[in-house]
Amino acid sequence: MASTTKQAARAALPLTDRESFAAHLKKCRRIVALVGAGLSAASGLPTFRGAGGLWRTHDATDLATPEAFDENPDLVWQFYSFRRHMALKAAPNKGHYALAELSRKNRDFITLSQNVDGLSQRAQHPPGQLHLLHGSLFDIKCTDFYCKYTREDFTDPIVPALAIPKKSSLKNNEKKEENVVAQQTDKPYGDQEKEAEEDQKVGDEKKKCKEENKDESDEEIDISDISNHIPNISNEELPQCPECKGLLRPGVVWFGEPLPTTTLETVENWMDSEPIDLMLVIGTSAQVSQLRATLMKPVTREHE
Ligand SMILES: [Zn+2]
């Protein structure tokens, strides 16, 4: 189906058009590319937008807010941990590499990305020519207003509690529960020696169970599907700030938050310095009002 779509796209763009585009591109010096989710969709990343784009029962826009994080940091972190995991499993595609290569060949080619998935960075896009309008899943920052702690972090899972559950771990949990029931019924209360033996047995059983299930159920569970259970995670198990012990959060721009001021200033200065020869709009609807708002002044985020 994908190749049919590609063929259709090629057919829709006649060779002469592609040649004239290439010729025009070569003539242009100051170029700006605005990229969005469509670029990374070609790498197989879900966008969680539109019909069927829900994460569990939630629209992504409901989870990507400071209020959602305040109310339910556990759920919001599980959503972002899933997205980090998916992004790391995906690979940059030809589009990411082409933009990176064009940027290397032309220092006056900048890219404004609305994507938070890190794929452009992994395609070795020159950092000085890549401006992330919505932050990154792999920038982590403190939620405390007065604490400025931030770091880049590609660890997956970022903390053990946020590991994507596997089918084998579910089976182990079921087995563990069975063992707990067996312990409660079979053993006299307070018999410590016997308890230690039982613990050893449970440990052996778990190990055996893990080995048995290793091959057949090492598959990850799709936690974006509501029918799959996700654990409750306490705040203590979520990523903590090493400086103030507050909760850390993903360094993405949430709905209602301002776009990164420094990034916008850099882009504005670049745009004001000389006329732009060409603007490429890739994988985004780039509605004029949003584009103007994004490029002309620091506004709050309206779209992912
Ligand atoms: Zn902190």
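Residues numbered from 1 in each chain as written. Predicted model: local features only at pLDDT ≥ 70, side-chain atom pairs only at ≥ 80, totals over all residues.

A look at helix 6 (residues 73–89)
Along an α-helix, residues three or four positions apart point the same way, because every turn accommodates 3.6 residues.
Now for step 1: For helix 6, with 17 residues, the first-to-last C-alpha span of 24 Å sits near the 24 Å given by 1.5 Å per residue.
Now for step 2: Of all the positions in helix 6, only Val76, Trp77, Gln78, Phe79, Tyr80, Ser81, Phe82, Arg83, Arg84 and Ala87 are classed as buried.
Now for step 3: In this fold, the buried residues of helix 6 make contact with helix 4 (60–63), helix 5 (66–71), helix 8 (119–122), strand 4 (135–142) and strand 6 (248–252). (Helix = DSSP H or I, 4+ residues; strand = E, 2+ residues; numbered from the N terminus. Expected span 1.5 Å × (residues − 1). Buried ≥ 20, exposed ≤ 12 C-beta atoms within 10 Å, placed from the backbone. Contact = placed C-beta atoms within 7 Å.)

Comments concerning the UniProt feature "binding site: Zn(2+)" (unreviewed entry) in the chain
Now for step 1: If you check UniProt for "binding site: Zn(2+)" (unreviewed entry), the listed places come out as Cys142, Cys147, Cys241 and Cys244 in our numbering. What stands out for the annotated residues spanning 103 residues is how close their C-alpha atoms remain, the widest pair being 9.0 Å apart.
Now for step 2: Secondary-structure assignment places Cys147 in the loop between strand 4 and strand 5 (150–152).
Now for step 3: Setting aside its immediate chain neighbours within four residues, Cys147 contacts Cys142, Cys241, Glu243, Cys244 and Gly246.
Now for step 4: Mapped onto the elements, Cys244 comes out in the loop between helix 10 (192–213) and strand 6.
Now for step 5: The exposure class assigned to Cys244 is partly exposed, which follows from the 14 C-beta atoms found within 10 Å.
Now for step 6: If we skip the residues at most four places from it in the chain, Cys244 touches Cys142, Asp144 and Cys147. (UniProt positions renumbered as here; feature names shortened; annotations may be inferred.)

What about the pairing of strand 2 (residues 109–113)?
Now for step 1: Of all five residues that make up strand 2, five are buried, and the element is covered over most of its length.
Now for step 2: Pairing geometry for strand 1 (residues 31–35) and strand 2, over five bridges, is parallel. Within strand 2, the position partnered with Leu34 by the bridge is Leu112.
Now for step 3: Pairing of strand 2 with strand 3 (residues 130–132) involves three bridges; the strand directions are parallel. Within strand 3, the residue paired with Ser113 across the bridge is Leu132. (Pairing = 2+ DSSP bridges.)

Here's the deal with the sheet that holds strand 3
Now for step 1: With parallel pairing, the four strands of this open sheet are ordered in space as 3-2-1-7. A strand with exactly one partner marks an edge of an open sheet, and here the two such strands are strand 3 and strand 7 (278–282). Each strand of the sheet is rotated relative to its neighbour by a mean of 15 degrees, with strand direction disregarded.
Now for step 2: In the sheet, strand 1 pairs with strand 7 via five bridges, with the strands oriented parallel. The residue of strand 7 that forms the bridge with Leu34 is Val281.
Now for step 3: Running at roughly 145 degrees to strand 2, helix 7 (residues 94–105) makes contact with strand 1, strand 2 and strand 7 of the sheet.
Now for step 4: Contacts from helix 11 (residues 261–273) reach strand 2 and strand 3 within the one sheet, and its direction differs from that of strand 3 by about 135 degrees. (Axes fitted to C-alpha atoms, helices over the stretch in contact; angles between N-to-C directions.)

Comments concerning unusual backbone geometry
Now for step 1: Cis geometry is found at the peptide bond from Asp156 to Pro157, where omega equals 0 degrees.
Now for step 2: Turning to its location among the elements, Pro157 is positioned in the loop between strand 5 and helix 9 (167–186).
Now for step 3: Phi at Gln124 takes a positive value of approximately 65 degrees, unusual for a residue other than glycine.
Now for step 4: Tracing the backbone through its elements, the reader meets Gln124 in the loop between helix 8 and strand 3.
Now for step 5: Here Gln124 falls in the partly exposed class, since 14 other C-beta atoms lie within 10 Å of it.
Now for step 6: With phi around 65 degrees, Lys245 is a residue other than glycine that occupies positive phi space.
Now for step 7: Position of Lys245 relative to the elements: it lies in the loop between helix 10 and strand 6.
Now for step 8: When the 11 C-beta atoms within 10 Å are taken as the criterion, Lys245 is described as exposed.

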